[in-house]
Amino acid sequence: MTSMIQRNTSLNSARPVTPLSLIVAQLVDLTERAEELSYNDPDFVRMLHKVSALAEGLDPYIAACSTPESEALEALATRTQQEDWAGRLAQGETTLALEQEMLSGHVEGQFLKMLVHAAQARKVLEIGLFTGYSALAMAEALPEDGSVLAFEMDAFAAGFAQEQFAQSPHGKKIRVEVGPAMESLKRLTSDEGPFDLIFIDADKGNYSAYLQTIIERSLLSPHGLICVDNTLMQGQPYLDQERSANGEAIARFNETVMNNPNVEQVLLPLRDGLTLIRQV
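My aim in this report is to walk through the structure given alongside it, one point at a time. Within each chain, residue numbers correspond to sequence positions counted from 1 in written order. Given that the model is predicted, a residue must reach a pLDDT of at least 70 before its local features are reported, and side-chain atom pairs must reach 80 or more before they are shown or counted; all residues, however, enter totals for whole chains, interfaces and linings. The basis for every side-chain value is the complete set of heavy atoms in the structure, and neither hydrogens nor water enter the calculation.

**Here we look at the pairing of strand S4 (residues 195-200)**
Line of reasoning, step 1. A large share of S4 lies buried, amounting to 6 of its 6 residues.
Line of reasoning, step 2. In this scheme, strands are said to pair when DSSP sees at least two bridges between them. Elements are defined by DSSP. Helices are runs of H or I of four residues or more, strands are runs of E of two residues or more, and each kind is numbered from the N terminus. Two elements, strand S1 (residues 123-127) and S4, share 4 bridges in a ladder whose sense is parallel. Residue pairing for S4: Leu125 is matched across the bridge by Ile198.
Line of reasoning, step 3. Taken together, the 5 bridges between S4 and strand S5 (residues 220-229) define a ladder with parallel strand orientation. The residue bridging Leu197 from the neighbouring strand is Leu225, located in S5.
Line of reasoning, step 4. In this fold, S4 hands off to helix H10 (residues 207-216), which returns the chain to S5; that crossover is right-handed. Burial classes follow relative accessibility: with a 1.4 Å probe on protein chains only, a residue under 20% of its type's maximum area counts as buried, one over 50% as exposed, and anything between as partly exposed. Here a crossover is taken to be right-handed if, once the strands point away from the viewer, the path from the first strand over the helix to the second is traced clockwise.

**A closer look at the sheet that holds strand S2 (residues 147-152)**
Strand pairing in a sheet is mediated by backbone hydrogen bonds. Such pairs are either parallel or antiparallel.
Line of reasoning, step 1. In space, the 7 strands of this open sheet follow the order S3-S2-S1-S4-S5-S7-S6, with mixed pairing throughout. In the strand order of this sheet, the two ends are held by strand S3 (174-178) and strand S6 (263-268), each with one partner. The sheet shows a mean angle of 15° between the axes of neighbouring strands, direction not considered.
Line of reasoning, step 2. Bridging between S1 and S2 involves 5 bridges; their strand directions are parallel. Pairing of Val124 across the sheet is with Val148, part of S2.
Line of reasoning, step 3. Against the sheet, helix H11 (residues 245-258) makes contact with S5, S6 and strand S7 (274-279), and its axis sits at roughly 140° relative to S6, the strand it touches most. The axes used here are C-alpha line fits, helices contributing only the stretch in contact, and every angle between their N-to-C directions lies in the interval 0 to 180 degrees. Every residue pair with non-hydrogen atoms within 4.5 Å of one another is taken to be in contact.

**Topic: the pattern of salt bridges**
Line of reasoning, step 1. We count a salt bridge whenever a side-chain nitrogen from Lys or Arg sits within 4 Å of a carboxyl oxygen from Asp or Glu. Taken as a whole and assessed by the stated rule, the structure comprises 13 salt bridges.
Line of reasoning, step 2. Linked by salt bridges that have partners in common, Arg175, Glu177, Arg187 and Glu192 make up one network.

Encoded structure:
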């Protein structure tokens, strides 16, 4: 933890110009002032309002400035949000504790579409489908002969997604396999790959194993990209506090990627963190 912070000390003196660096600068000032705060400090209140406005307005503004989602994606998101996932688990209809927050969503979906276009992708692999938002978003950007192969552990979620795909003309580009993702990865034949874009958004404990299998089996095309979701995991990988099992798994995965000389990567602060990886 300390070494990572020390490597980035040169950034600390830079003038804050991004929303995040402005928030950080304001919070540092607020923290220092809070040590001797009086209950009648109007400047403190103004600064608190300012930092709150910066934080609260960022995601809505990013979404407003991004290309709107398609009607099919909007309908899929609405259906996902309306579903009683806790009830499905209680009734034994799902095998996993699924939540609507697992949905990739508008901005991340648009980003993935951009990557498909930029990579001129024809074959996409998704590890972890949930209700299919990201799969459909990427399918919308693929050419007519393009394909998405999606792995999903939970049969109910896979069926839910396929019902939504049937409502879109791009749904025919998506094929879903139900079962443990690692077993599906190992069953892939040479004519099914390599893939131009691989999106990993499944069980966090297996992230490192997925990446290793992808590289060992040469499943990524020479110009391809691997996208890995949730790599900030609510800030747990870099905060000095007790981590959940997922937080610990993501921290280990990030360290694994950082120490792998055969890849280049960048971690983007998009939603809960999105890491882009390419082989070198």
